[in-house]
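Chains, contacts and geometry: an overview
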Amino acid sequence: DIAFLIDRSGSVSGITLRTIQRIAKLLLNIIPENYWLNVFLFNNETVPLIPCYGSYPLPAKDEIKKTLLEKMDGIEASMPGYLDLALRSLQKTFFNRTEKDA
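Reference entry: report on the structure contained in this document. A quick note: this is a predicted structure, and the numbers were derived from the prediction, not measured. (Residues numbered from 1 in each chain as written. Predicted model: local features only at pLDDT ≥ 70, side-chain atom pairs only at ≥ 80, totals over all residues. Heavy atoms only, no water.)

Remarks on the pattern of salt bridges
- The final tally for this structure, using the stated rule, is one salt bridge.
- Asp-73 is the partner of Lys-25 in a salt bridge, and the nearest nitrogen-oxygen pair spans 2.3 Å. In this pair, Lys-25 is assigned in helix H1 (residues 14–29) and Asp-73 in the loop between helix H2 (62–72) and helix H3 (83–95), connecting sequence segments 48 residues apart. (Salt bridge = Lys/Arg side-chain N within 4 Å of Asp/Glu carboxyl O. Helix = DSSP H or I, 4+ residues; strand = E, 2+ residues; numbered from the N terminus.)

Focus on H1
- Counted at 1.5 Å a residue, the expected span for H1 with its 16 residues is 22 Å, and the 23 Å between its end C-alpha atoms agrees.
- The set of residues buried in H1 consists of Leu-17, Gln-21, Ala-24 and Leu-28. On an axial view of H1, the arc spanned by its buried residues comes to 70°, and they lie on one face. Projecting away from the buried face of H1 at angles above 90 degrees are the exposed residues Ile-15, Leu-26 and Asn-29. (Expected span 1.5 Å × (residues − 1). Buried < 20%, exposed > 50% of the residue type's maximum accessible area, 1.4 Å probe, protein only. Arc of directions from axis to C-beta.)

Some details on H2
- Within H2 the residues assigned to the buried category are Ile-64, Lys-65, Leu-68, Leu-69 and Met-72. In an axial view of H2, the angular spread of the buried residues amounts to 135°, which keeps them on one side of the axis. Opposite the buried face of H2, by more than 90 degrees, sit the exposed residues Glu-63 and Lys-66.
- Of the surrounding secondary structure, the elements contacted by the buried residues of H2 are strand S1 (2–7), H1, strand S2 (36–42) and strand S4 (58–59). (Contact = heavy atoms within 4.5 Å.)

Examining the packing of H1 against H2
- Taken N-terminus to C-terminus, the directions of H1 and H2 make an angle of 175°; their axes are 10 Å apart at the nearest point. In terms of axis orientation, H1 runs roughly antiparallel to H2. Of H2, the residues touching H1 (which contributes Gln-21, Ala-24, Lys-25, Leu-28 and Asn-29) are Lys-65, Leu-68, Leu-69 and Met-72.
- Of the residues in the contact of H1 with H2, the class split is five nonpolar, two polar and two charged. (Axes fitted to C-alpha atoms, helices over the stretch in contact; angles between N-to-C directions. Parallel < 35°, antiparallel > 145°, perpendicular 65-115°, else oblique. Nonpolar A, V, L, I, M, F, W, Y, C, P; charged D, E, K, R; others polar.)

Function-wise, these values are silent; they only describe arrangement.
Given below as structure tokens:
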């Protein structure tokens, strides 16, 4: 499983945000299809770029990666950022699955 956590708080804007987006896009393009992934955005809340399947990340299929890449262009910075809340949210999605869920 791979989670991209992108800071979109007000302190990250302009060239910094665009650089983060470019790096995330480059990395998304090289992830094999047998992986699971998603992109999460955080500022005062944490949200997936594409909603997950319950407690599962998304399969790294070409069509899903294409949608993620397209949606990344619309990311804009606003509000303060809370990394601790973002990490807790990721933990719920990626790490709290049981053996039978995996």
